[in-house]
Amino acid sequence: DRAFYTGEFKVQEFRVPMMKAMIKGPTEKLVRPKSFVVDLIVNYLSGGPAGGLAVKVKTWFRDTYLGEFEGFEEYIFANGRLKEGKRKLASTRNYYEEESEETDSTNTVNSNIKSQDLSLDKLGSAKADIKDIPQKDNPQEVVTELEYRDPVGEIQTVSTTIPIYPGRYLVGLKSEGWAASKDGVKIFAAVVDNAGKPKAGVDVNIDLLGRKTITHRKRLVGGFYSYDSIEEVKKYVTFCKGKTDAK
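Residues numbered from 1 in each chain as written. Predicted model: local features only at pLDDT ≥ 70, side-chain atom pairs only at ≥ 80, totals over all residues. Heavy atoms only, no water.

Undergrad: Can you break down the side chain of Thr59 residue by residue, with the values?
TA: The topology assignment puts Thr59 in strand β4 (residues 54-63). Judged by relative accessible area, which is 8%, Thr59 ranks as buried. Sequence-distant contacts of Thr59, that is, excluding residues within four places in its chain, are made with Asn112, Ile113, Lys114, Ile130, Val142, Val143 and Thr144. (Helix = DSSP H or I, 4+ residues; strand = E, 2+ residues; numbered from the N terminus. Buried < 20%, exposed > 50% of the residue type's maximum accessible area, 1.4 Å probe, protein only. Contact = heavy atoms within 4.5 Å.)

Below, the structure is given as structure tokens:
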């Protein structure tokens, strides 16, 4: 495990919590679900459930990446599908305009947060339905946050993240060396399940695509410049076909 030093802080006052909340997701791994249910539980630390307590559940989705699987440390798994065609990339402008674009991006994330108000039953539990899950070709996770008020009236929160997989099997690629040579390039493919275990006898096709970026510069008032770019992705040929072995 690696550790990164980012700063420090000092706790001068701490109040013992009066309640404990938990969010329990599905026990099975989620593969492109359309919806699923999470269990919400709130209890008093002094004993007994928080029956009838009003709570708020917030959820939002975000892309994530898979960690390294044992034996496949050099492979990149399920990082998304390349779509053929042309698309316009975001323009790069001066410092002040870039700052406003970052603010707009933050507002977009906040607008995707969904919330629902619920009341716990007499056992201090409730079920929340997670719906409208984006269907993507790359791994993602749903962040679920439970908000409630303790007996003092302060708002408390607890959250958890639940991974969502794009399929039952994950395809990974590894190239020999970081750059291609004139003589050729070697590509290795592997297929594992969501636990990172290799799967044998799976048909694999590797397509060769090219990606080209065209950029032109425009001069703006005040001596600044704007860079507009277009990206084109085109499939050239099916590189190879085959079946995975036991490794």
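Okay, back to it.
Undergrad: Give me the lowdown on the packing of aromatic side chains, citing residues and values where you can.
TA: On inspection of all chains with the given rule, the structure shows four aromatic pairs. Ring geometry for Phe72 against Tyr75: centres 5.6 Å apart, planes inclined by 75°, an arrangement best described as edge-to-face. A relative accessible area of 8% means that Phe72 is categorised as buried. Centroid distance Phe72 to Phe77: 6.1 Å. Interplanar angle 85°. Geometry classified as edge-to-face. An aromatic cluster of three or more residues is present, and its members are Phe69, Phe72, Tyr75 and Phe77. The residue whose ring lies beneath Arg168 is Tyr169, and the NZ or CZ to ring-centre distance is 4.9 Å. Geometry around Phe188 places Lys174 over its ring, the cationic atom sitting 4.9 Å from the centre. (Phe/Tyr/Trp six-rings, centres within 6.5 Å; stacked < 30°, edge-to-face > 60°. Lys NZ or Arg CZ within 6 Å of the ring centre and 35° of its normal.)

Undergrad: If you had to explain the pattern of salt bridges to someone new, which residues and values would you point to?
TA: Applying the stated criterion to the full structure yields 13 salt bridges. Several salt bridges share partner residues, and in doing so they unite Arg32, Arg81 and Asp137 into one network. (Salt bridge = Lys/Arg side-chain N within 4 Å of Asp/Glu carboxyl O.)

Undergrad: If you had to explain the side chain of Asp150 to someone new, which residues and values would you point to?
TA: The topology assignment puts Asp150 in the loop between β9 (140-149) and β10 (155-165). In terms of polar contacts, Asp150 uses its side chain to reach the backbone amide nitrogen of Glu154, at 2.9 Å. Looking at Asp150, its side chain comes within polar contact range of the side chain of Gln156, at 3.1 Å. (Polar contact = N/O pair within 3.5 Å; in protein donor to acceptor, adjacent residues only side chain to side chain.)

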